[in-house]
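This is what each chain is made of:
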Number of protein chains: 4
Amino acid sequence: MEAPFADSSADRFGRPAAGWRRTWYTIIFEADTKAGRAFDLLLLALIVASVAVVMADSVHDYAARHDRLFETLEWGFTILFTLEYVARLACIDRPMRYALSFFGLVDLLSVMPTYLAILVPELHALIDIRVLRLLRIFRILKLAAYVEEYRFLGGALRSSRRKILVFLSVVLMIVVLMGTFMYVIEGPANGYTSIPVAVYWAITTMTTVGFGDITPKTDLGRFIASFMMLMGWGVLAVPTGIVTAEMTSQRLGPRGLRRCEGCGCDEHVREARHCHACGAPLPESVRTGS
Amino acid sequence: MEAPFADSSADRFGRPAAGWRRTWYTIIFEADTKAGRAFDLLLLALIVASVAVVMADSVHDYAARHDRLFETLEWGFTILFTLEYVARLACIDRPMRYALSFFGLVDLLSVMPTYLAILVPELHALIDIRVLRLLRIFRILKLAAYVEEYRFLGGALRSSRRKILVFLSVVLMIVVLMGTFMYVIEGPANGYTSIPVAVYWAITTMTTVGFGDITPKTDLGRFIASFMMLMGWGVLAVPTGIVTAEMTSQRLGPRGLRRCEGCGCDEHVREARHCHACGAPLPESVRTGS
Amino acid sequence: MEAPFADSSADRFGRPAAGWRRTWYTIIFEADTKAGRAFDLLLLALIVASVAVVMADSVHDYAARHDRLFETLEWGFTILFTLEYVARLACIDRPMRYALSFFGLVDLLSVMPTYLAILVPELHALIDIRVLRLLRIFRILKLAAYVEEYRFLGGALRSSRRKILVFLSVVLMIVVLMGTFMYVIEGPANGYTSIPVAVYWAITTMTTVGFGDITPKTDLGRFIASFMMLMGWGVLAVPTGIVTAEMTSQRLGPRGLRRCEGCGCDEHVREARHCHACGAPLPESVRTGS
Amino acid sequence: MEAPFADSSADRFGRPAAGWRRTWYTIIFEADTKAGRAFDLLLLALIVASVAVVMADSVHDYAARHDRLFETLEWGFTILFTLEYVARLACIDRPMRYALSFFGLVDLLSVMPTYLAILVPELHALIDIRVLRLLRIFRILKLAAYVEEYRFLGGALRSSRRKILVFLSVVLMIVVLMGTFMYVIEGPANGYTSIPVAVYWAITTMTTVGFGDITPKTDLGRFIASFMMLMGWGVLAVPTGIVTAEMTSQRLGPRGLRRCEGCGCDEHVREARHCHACGAPLPESVRTGS
């Protein structure tokens, strides 16, 4: 497990030079020492437990039976996360930088709801207290700091940003057009009450989810639906098939039999170990199991 | 368009040396001449039209209104396909070979039902005449002779036979196990009336089809269902992600930024045209659009 | 953002040599200048806003409440798009070429419905005025001019045209055959009212969409459905698995452990940094995270 | 077919040196001899038949009609599998090692339920005898010993363990967050009775299964659902598209036409056989069928 900020925080947040603040920094922000790793594991456990409590709290039966337990646990978590937050800010040289960073904001969002419920009671009238408390679910994002691969994933997504947007825009254009067709063809009587709803159905169909809450009833509607389904599935199946076909064609001749890389003879059955034309051994990865 | 038997029939079915049989062979089995191509196109059109009639005949409204038209068309198709079949057999030296080959059997199956209905009226009692007539749908397989790629597809499938069977067996083991769990957990009251039905549901879930005719109602059932859904979708998503991650990591350094192939410096933003460390130009495919 | 016609319109539509037409051409058809880019951005915003109005207009509640606003906005858009269309035609040397090109037709289709509604009132009786107005949704295709990648996508699709058609034809043959089986086995009583409807169900199943509006009730029907679901999902899963297996087998020996590229020894656990047989360092991409 | 333990059991379980135990070992654990292969095939048939009986036993109709037959068959299988288990333990030098290995435990689980039902009748009150009997379904895992590829699959999965876990954790974070949103937005009235249930729905949606037992009814809910569907499908479609686009771009120039590898000229239509700029022949795999 990697320390969440090891490679960037030293300069970014300002690592203190010495003293108790340096010791705390080593424990909280770094994971080279035993204490640092123990801190990280403990925090991970607290985050998961706290999210589990938020989820359990929403199940009517559990909430009724364990009302006081959840209340207590929740205050426990809030206090612990507050202490962690304060400790983080206290032991770096540039606390504002952390407070405004992604993880700093997540930390704030993790503890704020419980306090807001107490400090600003009028909020009751505007936002359901339950909603506020559910913001605690964002604590789950604190987990993202602990895994190096997430930063790689994030970077890979950012670098492919343009391709993804282009792809998405083509899909959006198709679902808007198709949704409009279905709205005209099927009409509100069959569930397609407006273009936005028809577009929602089109997305359901093209992504092959297919809830079934809205389905085409007319022949033309079903025909267009079939076209959309084949497109949505085909976007996955056609490239996959093409890529595999190209890989296979390098190993197989045009009649689908195994090709000898040496002489090009392509009439070998699967069990053959040597090319019957030139005698060269046939590649092992092709021979076993194919 | 390729003649369906060009590369194999000369020896396989016995191409006649000369005479009217040779002329017919050239037209029917080969597509090098204008007549040969015209024959093939005409036959393709007849096949598609005949399948369309079978489909239209099943729609109650159409069948009622166009009863006599369909009857006449159907006799027309049957006679034409019979003539084609007889012609094929007549102009080769080894007719039995063709009659027993895949396409020979398909040809026979395309015309037999209509005759059986007339010649063996007692069949009425055993097999619904409609079912017999629906066997005509197999004519659609005659189309497969006309496309070279199908033979390649067939060969590729045959050579990967073992891999596909292994994969399928793993899937079958999983759905039998999971289906049995759900049968025990949910029980017949919730739709899982027997293990085979539960296995059908498990296949529905793992292949991400999700009809919704049977759905888990208990918490544990939904938990197992979630596990299965993630597995079925993950089988597609995880490898796709791994392959893409490997490809991307060759272009990007560990922080997801673009890497200069020359010096390994990996801190280039997307718009950069040259490596800021060594000056080498950055690859175009990475620069445009990424 | 690229000018939509930069590389082709100069000769294709006839770029005027000088004068106000040349200035307009630079703004409308090219995006090298500030004015050109501003024009493009403004047009993009107008297109998106206009499509949003068409969509909102279909929602019964909104249409009732904002009736006059939508009417006004719609006339605004129509006038603006008409001016744009006229301007485009006015500032090139070969206006007919543009008028007959894809984007020229889309532009015409974007403004025509509103005018037709006024000029040809008898159209009321034939085509619902709402339908006419919904043709405005085609404006969304004007967006395609602005993204270079669409032309690449279009070209890639065209070049793979044959492969896609072959693939689609195989899928169509399978769904027609399977649909017919299900029509016979399940019958109209279970929802499979005709072969076309059964084929619609077969497409729903093979593309893993699974609406659930029609589901098999008999044992044999469910068995065939299972077979189809495994095929539709398998088309995606089997190639993905094979490709990944091949990539992995180059890194792993037959027992799935990491292989040292140098000496072929294949018994390294994930954390190993050096081959324990020959001492060579193990590749980094294999070591980190695997 | 490979002997299940050929490469590991000789040392792992202790192959006896000589005598009847050696003969039995050769038959049971190895498959080099005719007897060995025959034993394996027989056992495979017994396993499949026994699983089929467990499945048929759950179908109410069959169980009623063939009650005594199933009972008899089941005792037959139990006795045969017990004999096999005892034989395995008897003919190796380290029986405990086998008994505690994966397959040893599966073997035990295959015969235990039937005996438990007889020996510990009080178990009736605690666990439904049917459940016990259903544990027999684990016999299906005995099949895994017979296919070499499973061990490769297992190894490949183990080596990609970390990647899979990271991927799964991202998916879990997303479904917990989205599930919570939908719980707040839609609420119990629309089927989202608690956060765990909403998370179950979120998994249904993101994996594109889409049962339809719970569906969003509000506009905002449908909007979030659309976002999730596009994400779940996009995870499959975007990488597939990117990989294919990269492969195709190596063959095609930026306008999607075929590129001549020699001179880079990229304006060749599909049927071209030679580059019109430099005369070099265009690659065959690109020419045929594209």
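Residues numbered from 1 in each chain as written. Chains lettered and ligands numbered in written order. Predicted model: local features only at pLDDT ≥ 70, side-chain atom pairs only at ≥ 80, totals over all residues. Heavy atoms only, no water.

(A) Structural context of the packing of helix α2 (residues 19-28) of chain C against helix α3 (residues 34-58) of chain C. Residue and element names in this part refer to chain C. Orientation of α2 relative to α3, taken along the N-to-C sense of each, is 55°, at an axis distance of 7 Å. By the angle between their directions, the pair α2 and α3 is classed as oblique. Across the interface between the two elements, Thr-26, Ile-27 and Ile-28 from α2 touch Ala-35, Gly-36, Phe-39 and Asp-40 from α3. Tallied by class, residues from the contact of α2 with α3 come to 4 nonpolar, 2 polar and 1 charged. (Axes fitted to C-alpha atoms, helices over the stretch in contact; angles between N-to-C directions. Helix = DSSP H or I, 4+ residues; strand = E, 2+ residues; numbered from the N terminus. Parallel < 35°, antiparallel > 145°, perpendicular 65-115°, else oblique. Contact = heavy atoms within 4.5 Å. Nonpolar A, V, L, I, M, F, W, Y, C, P; charged D, E, K, R; others polar.)

(B) Main features of the packing of α3(C) against helix α5 (residues 67-90) of chain C. All names here are of chain C. Contact pair α3 / α5: the axes reach a minimum separation of 10 Å and the direction vectors enclose 140°. By crossing handedness, the relation of α3 to α5 is classed as left-handed. Residue-level contacts link Phe-39, Leu-43, Leu-46, Ile-47, Ala-49, Ser-50, Val-53, Ala-56 and Asp-57 of α3 to Phe-70, Leu-73, Glu-74, Phe-77, Leu-80, Phe-81, Glu-84 and Arg-88 of α5. Across the contact of α3 with α5, the residue classes break down as 12 nonpolar, 1 polar and 4 charged. (Left-handed = near helix turned anticlockwise from the far one by under 90°.)

(C) Here's a closer look at the pattern of salt bridges. Scanning the model with the defined rule gives 12 salt bridges over all chains in all. When the shortest N-O distance is used, the salt bridge between C:Glu84 and C:Arg88 registers 2.8 Å. Here C:Glu84 pairs with C:Arg88, and both are found in helix α5, just 4 residues apart, close to one helical turn. Residue class for C:Glu84 comes out buried when judged on its relative accessible area of 6%. Each of A:Glu84, A:Arg88 and A:Asp107 takes part in one network of salt bridges that share partners. (Salt bridge = Lys/Arg side-chain N within 4 Å of Asp/Glu carboxyl O. Buried < 20%, exposed > 50% of the residue type's maximum accessible area, 1.4 Å probe, protein only.)

(D) Structural detail: the nonpolar core. Of all hydrophobic cores here, the largest spans 122 residues; its most connected members are A:Trp201, B:Trp201, C:Trp201 and D:Trp201. Residues contacting C:Trp201, with those up to four places away along its chain left out, are B:Phe211, C:Met182, C:Tyr192, C:Ile214, C:Thr215, C:Pro216, C:Ala225 and C:Met228. (Core = buried A, V, L, I, M, F, W, Y, C linked by side-chain atoms within 4.5 Å.)

(E) Just a nonpolar patch on the surface, in detail. All names here are of chain A. A cluster of nonpolar residues, Trp-75, Ile-79, Leu-80, Leu-83, Ile-118 and Leu-119, forms a patch on the protein surface that exposes about 600 Å² of accessible area. Breaking the nonpolar patch down by element, the ones donating at least two residues are α5 (67-90) and α7 (102-119). With 4 residues, α5 is the single largest residue contributor to the nonpolar patch. Within the secondary structure, Trp-75 is located in helix α5. Note on Trp-75: relative accessible area 31%, which makes it partly exposed. (Patch = residues over 30% accessible without salt bridge, like charges linked within 9 Å, V, L, I, M, F, W, Y side chains within 5 Å. Areas by Shrake-Rupley, 256 points an atom, 1.4 Å probe, with all protein chains shown as cover.)

(F) Quick look at the environment of B:Lys34. Of note, B:Lys34 is situated in helix α3 (residues 34-57). Exposure remark for B:Lys34: the relative accessible area of 77% places this residue in the exposed category.

(G) Geometry of the environment of B:Glu74. Position of B:Glu74 relative to the elements: it lies in helix α5 (residues 67-90). With 137 residues separating them in the primary sequence, B:Glu74 and B:Phe211 have C-alpha atoms 36 Å apart.

(H) Just the environment of D:Leu43, in detail. By the secondary structure assignment, D:Leu43 is in helix α3 (residues 34-58). With 38 residues separating them in the primary sequence, D:Leu43 and D:Phe81 have C-alpha atoms 8.8 Å apart.

(I) Examining the confidence of the model for chain A more closely. Residues and elements named next belong to chain A. Per-residue confidence for chain A gives a mean pLDDT of 76, with 69% of residues at or over 70. By mean pLDDT, the top-scoring element of chain A is helix α12 (residues 195-206) (94), and the lowest-scoring one is helix α14 (residues 284-287) (40). Low pLDDT (under 50) marks residues 284-290, which in the prediction has 18 contacts with non-local residues, meaning those over four places away or in another chain. Taken over the whole predicted complex, pTM reads 0.80, whereas the ipTM for its chain interfaces reads 0.77. (pLDDT = per-residue confidence, 0-100.)

(J) Spatial organisation of helix α12 (residues 195-206) of chain D. Over its 12 residues, α12(D) extends 16 Å from the first C-alpha to the last, a length consistent with the 16 Å expected when each residue adds 1.5 Å. Among the residues making up α12(D), those that are buried are D:Ile195, D:Val197, D:Ala198, D:Val199, D:Tyr200, D:Trp201, D:Ala202, D:Ile203, D:Thr204, D:Thr205 and D:Met206. (Expected span 1.5 Å × (residues − 1).)

(K) How the structure looks around the packing of aromatic side chains. For the structure on display, the rule yields 26 aromatic pairs over all chains. Here the aromatic rings of A:Trp201 and C:Phe211 are separated by 6.3 Å at their centres, their planes lie at 15°, and the arrangement is stacked. Taken together, the positions of A:Trp201 in helix α12 and C:Phe211 in the loop between α12 (195-206) and α13 (219-251) put the pair across two chains. There is no split in this pair, since A:Trp201 and C:Phe211 are both buried. Taken together, the ring pairs connect A:Tyr192, A:Trp201 and C:Phe211 into an aromatic cluster. (Phe/Tyr/Trp six-rings, centres within 6.5 Å; stacked < 30°, edge-to-face > 60°.)

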